[in-house]
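Chain residues, written in single-letter form:
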Amino acid sequence: MSKDTIVAHTISVLVANEPGILARVVGLFSGRGYNIESLTVAETNAQESQSRITIVTKGTPMIIEQIKAQLDRLVPVYRVRDLTVEGPHIERELALVKVKGVGEKRVEALRLADVFRAKVIDAKSDSFVFEVTGNTDKVQTFVGLMENLGLVDVVRTGIVAMSRGGEAL
Amino acid sequence: MKPEESATTGADLLVKALIDEEVEVVFGYPGGAVLPIYDSLFKQNRLRHVLVRHEQAAVHAAEGYARSTGKVGVVLVTSGPGATNAVTGLTDALMDSIPIVCLTGQVPTHLIGNDAFQEADTTGITRPCTKHNYLVKSVGDLARSVHEAFYVARSGRPGPVVIDLPKDVLMNKHEYVAPPKVAVTHKSYRPQTQPDPKKIEQAIEMIAGAKRPVFYAGGGIINAGPKASKLLTQFVHLTGYPVTNTLMGLGSFPASDKQFLGMLGMHGTYEANLAMHGCDVMINIGARFDDRITGNLTKFSPGSKKIHVDIDPSSINKNVRVDLAIVGDAGIVLEELVKAWKAKQPKVDQKALKAWWAQIDTWRARNCLAYKPNNKVIKPQFALERLYHHIKDKDHYITTEVGQHQMWAAQFLKFEQPNRWMTSGGLGTMGYGFPAALGVQIAHPEALVIDVAGEASILMNIQELSTAAQYRLPVKIFVLNNHYMGMVRQWQELLHGGRYSESYSESLPDFVKVADAFGARGLRCEDPDKLDDTIKEMIELKHPVIVDVIVDEKENCFPMIPSGAAHNEMLLGPDDKQSAKVSEEGMVLV
Ligand SMILES: Cc1cc2nc3c(=O)[nH]c(=O)nc-3n(C[C@H](O)[C@H](O)[C@H](O)COP(=O)(O)OP(=O)(O)OC[C@H]3O[C@@H](n4cnc5c(N)ncnc54)[C@H](O)[C@@H]3O)c2cc1C
Ligand SMILES: Cc1ncc(C[n+]2csc(CCOP(=O)(O)OP(=O)(O)O)c2C)c(N)n1
Ligand SMILES: [Mg+2]
């Protein structure tokens, strides 16, 4: 791989869940001109008051190395792991997809939802809200298919990721 | 004793915490939000408060104090404008890795977010310009936050830390929490100071195998404490290799030593830059491959294997990819290197080393700092040579403002020890030098403290003459007055066809009268023959002094590597202009 090739990396960051932590992370990316493709954050250990942030970012290998070093340097950051280089991992995201329509289209939407194992979580006589989970590709494909079937709204969580096997972060 | 009885106000707790952190002096400026702290200061006599005249100056003074002592500098400012005025200083300290704790007042917690009087989002504003910051929301967290802040500021790669203190937190009561007895282990922040022993071995092998080596030593060695400078000197002597310093590293290796090549970089010496360009092994210790050093990255030291020792992993492979990275404290790493070298007694290729020194001597023979002497007007370089002659045997400290005078000071004053040279390198803040000198003088009351200044820069914090007068700080301001923002004019000459847009120092005040008005002493010198007497008089005066040295207006600072050029494309003097074709890429660089 050339040193100028742009690659996407999924990075997992364990942080102290304290005020301003997200601003620190986001500010780092905007201040230094790094890309954020996706970012998710929530508390994962209430007792220790820790949150996990999953970031998908793009850059040359040197930039990716910088991003990790810069994240690790923030005082409330415990650990930074690059899931993309540290072996196999799983990525998932969840989307809520609202589709409006009647007749053929409505039936077809429901059929496709079944194929994608999307759940119906709200139904009206002329609309559905589907919940679909999977990797980005799957979610994107599903949303794409719904476009012709009355898609009116979509919301996505962004990616959460974890390494395979028995090891913790 | 019941808790209420032993409880004290947040402001008193704060003062107690500062005293426990061995703080001796606080540089500050009062206002509504910090009145409780000022009241607590009034009631005690352990902590000294120095009242500056602008909050930016408080931070620079604390930086001067910190850099000249190795201690943490402490700042106290009020909310809103007090905090925003401090931002330049904080950014300066961040760029130059200076340990600062800055206490800012804040509106009471219940008003935060209401656009209250003198409210500013201080933690928001200072997040990108501090190493870390805290908003203390409850008095119970106050003492702990202060202790943690000091630890964060001084450990690892040092830097500024802000503690934002809402007024109600300062007035509420709580019991005091003393700093932890044993070194704190922070839950998430753990700087790595010990190097990986395997890498020490590899480094020794690479260093010993070099044929054209050079040490490139930076500010990180100063950060690591005076012992690190001693160890650097020892290691350089053990190897017999040449060494160059960055602007921030000056003093980490004695300038008079024959293995010293002078400063490198944009205004560095011919021999230092060509040694960097031509070396086969580069040993970077505590320097960060700044763009003032590397010039054109693609042409930077193309043939060398590079070792980089740095305490901050984010400094490594940021600008320049290196072959061996050692994360650790410069002092500890140098100690390990010296130990390993002595144990192994590696065989160095002496023939190659001799040839390398012979090559370096031919570069030295170019005498790149030479200038055309003149007996009618004072050349700025001459002024600094004379200054150095008169101070070299005295216990002295130098600070600078930013511009040509700063670069000449770096080239013409010689630094034999660390912590004697305070300059704004990373941010390049005009107005830094004078308040920094005040901070140095507070820390070293008996020493001779000189701010080498330009006539434009000095006006940026000239109000601090009032502080100097109040505390009888006999700081000397040595103005190299060329009636131009000389550094700007030099670039306009080089890059913009000599169109000197807005770089003339118009309507300058009479500096002698300015000094007089503030209760300081003013001297002026326009005649090269009278310079020695003026300098002697300046040194003898036990007052703050401004010396207005009228120097050659058109002198430029050489050598110079134009933006976007490589180390071997250096301009050596005014007659070297023909080669000064600055590339389009170079034009966009600063
Ligand atoms: C007008 C102007 C012109 C300039 N021209 C030049 C020039 O010609 N030449 C020049 O050299 N500079 C020049 N500079 C300064 C330049 O901008 C940089 O500030 C300077 O080069 C940086 O010095 P440094 O690499 O030593 O790093 P510093 O900024 O001092 O950084 C220190 C490095 O050491 C690391 N460190 C900190 N503590 C430790 C420790 N305990 N152990 C190990 N590592 C540690 C840090 O992580 C960091 O990477 C100029 C500035 C101005 C304003
Ligand atoms: C606060 C700030 N504003 C602008 C600059 C850009 N700048 C760099 S050097 C310089 C001129 C400095 O003039 P002077 O103090 O007279 O020094 P000289 O170069 O003439 O020695 C300017 C404007 C800066 N470094 N800092
Ligand atoms: Mg000037």
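**Thoughts on the pattern of salt bridges**
Under the defined criterion, the tally for this structure stands at 30 salt bridges over all chains. With a closest N to O distance of 2.9 Å, A:Glu93 and A:Arg156 form a salt bridge. Here the residue A:Glu93 occupies a position in strand S5 (residues 89-100), and A:Arg156 occupies one in strand S8 (residues 151-156), the gap between them amounting to 63 residues. Given a relative accessible area of 4%, A:Glu93 falls into the buried group. What makes A:Arg156 partly exposed here is its relative accessible area of 34%. Of the charged contacts in the structure, one is a salt bridge between A:Asp122 and A:Lys124, with a shortest N-O distance of 3.9 Å. Looking at A:Asp122, the relative accessible area reads 32%, which means it is partly exposed. In this structure, a network of salt bridges that share partners links the residues A:Arg73, B:Arg157 and B:Asp312.

**Examining the packing of aromatic side chains**
Centre distance and the angle of the planes are the two values used to describe a pair of aromatic rings. Under the defined criterion, the tally for this structure stands at 17 aromatic pairs over all chains. Their ring planes at 70 degrees and their centres at 6.1 Å tell us that B:Tyr484 and B:Tyr500 sit as a pair that is edge-to-face. Here the residue B:Tyr484 occupies a position in the loop between strand S18 (476-481) and helix H20 (486-495), and B:Tyr500 occupies one in the loop between H20 and helix H21 (511-517), the gap between them amounting to 16 residues. Classification of B:Tyr484 as buried rests on a relative accessible area of 11%. Looking at B:Tyr500, the relative accessible area reads 29%, which means it is partly exposed. Grouping aromatic residues by their ring pairs yields a cluster made of A:Phe116, A:Phe128, A:Phe130 and A:Phe142. Above the face of the A:Phe128 ring, A:Arg106 is positioned so that its terminal group lies 4.1 Å from the ring centre. Between B:Arg489 and the ring centre of B:Tyr484, over which it is positioned, the NZ or CZ distance is 5.1 Å.

**Section: the coordination of the magnesium ion (ligand 3)**
Residues and elements named next belong to chain B. Coordination sphere of the magnesium ion (ligand 3), protein contribution only: Glu455 (OE), Glu455 (OE), Asn482 (OD1) and Tyr484 (O), at 2.1 to 2.7 Å. Around the magnesium ion (ligand 3) sit six donor atoms, and with donor-metal-donor angles ranging over 52 to 174 degrees the site reads as irregular. Read from N- to C-terminus, the donor residues coordinating the magnesium ion (ligand 3) fall into the pattern E-x26-N-x1-Y. Exposure class is identical for Asn482 and Tyr484. Each is buried.

**So, the environment of A:Ile53**
All names here are of chain A. Along the chain, the position of Ile53 falls in strand S3 (residues 50-59). Overall, the relative accessible area of 0% leaves Ile53 in the buried class. Separated by 42 residues in the primary sequence, Ile53 and Ile11 place their C-alpha atoms 8.1 Å from one another. When sequence neighbours within four positions are dropped, the list of residues in contact with Ile53 reads Ile11, Ser12, Val13, Val15, Leu22, Val25, Leu39, Thr40 and Val41.

**Quick notes on the interface of chain A and chain B**
The partner chain B presents 20 residues to the 16 residues of chain A that form the contact. Between chain A and chain B, roughly 1500 Å² of surface is buried when both sides are summed, and carbon and sulfur atoms account for 50% of that area. When the buried area of chain A at its contact with chain B is split by residue, A:Arg24, A:Met62 and A:Val75 rank highest and sum to 42% of it. Summed over the shared surface of chain A and chain B, the result is two salt bridges. One salt bridge connects A:Arg73 with B:Asp312, and the closest N-O pair in it is separated by 2.8 Å. Mapped by element, the contributors of at least two residues to the side of chain A that touches chain B are helix H1 (21-31), helix H2 (61-73) and strand S4 (77-82) of chain A. Considering each element in turn, the side of chain A that touches chain B owes the most residues, six residues, to H2(A).

**Brief notes about the domain arrangement of chain B**
Residues and elements named next belong to chain B. For chain B, the assigned domains are domain 1 (3-174), domain 2 (197-364) and domain 3 (380-550). Computed over C-alpha atoms only, the centres of domain 1 and domain 2 are separated by 38 Å. Facing the seven residues of domain 1 at the interface are eight residues of domain 2. Taken together, the two surfaces of domain 1 and domain 2 that pack against each other cover about 690 Å², and 46% of this comes from carbon and sulfur. Considering only the surface of domain 1 that becomes buried against domain 2, Arg67, Asp96 and Arg157 emerge as the three largest contributors, covering 70% of it. Seen at the junction of domain 1 and domain 2, the total is one salt bridge. The partner of Asp312 in a salt bridge is Arg157, and the shortest N-O contact between them spans 3.0 Å.

**Here we look at the pairing of strand S4 (residues 73-77) of chain B**
Residue and element names in this part refer to chain B. Most of S4 sits inside the fold, with five of its five residues counted as buried. Judged by which residues are buried, S4 turns out to be covered on both faces: Gly73, Val75 and Val77 on one side and Val74 and Leu76 on the other are all buried. Bridging between strand S2 (residues 25-28) and S4 involves two bridges; their strand directions are parallel. Bridging across to S4, Phe27 finds its partner in Val75. The pairing of S4 with strand S5 (residues 100-106) spans five bridges and is classified as parallel. The partner of Val74 across the bridge, within S5, is Val101. For the handedness criterion, the β-α-β arrangement of S4, helix H5 (residues 81-95) and S5 is classed as right-handed.

Thresholds applied
- Residues numbered from 1 in each chain as written.
- Chains lettered and ligands numbered in written order.
- Predicted model: local features only at pLDDT ≥ 70, side-chain atom pairs only at ≥ 80, totals over all residues.
- Heavy atoms only, no water.
- Salt bridge = Lys/Arg side-chain N within 4 Å of Asp/Glu carboxyl O.
- Helix = DSSP H or I, 4+ residues; strand = E, 2+ residues; numbered from the N terminus.
- Buried < 20%, exposed > 50% of the residue type's maximum accessible area, 1.4 Å probe, protein only.
- Phe/Tyr/Trp six-rings, centres within 6.5 Å; stacked < 30°, edge-to-face > 60°.
- Lys NZ or Arg CZ within 6 Å of the ring centre and 35° of its normal.
- Donors = N, O, S within 2.8 Å, 3.2 Å for Na, K, Ca; no water.
- Tetrahedral: all angles 85-135°; square planar, octahedral: opposite > 155°, others 65-115°.
- Contact = heavy atoms within 4.5 Å.
- Buried area = accessible area lost by both parts, 1.4 Å probe.
- Domains from an automatic or database assignment.
- Pairing = 2+ DSSP bridges.
- Right-handed = clockwise from strand over helix to strand, strands pointing away.

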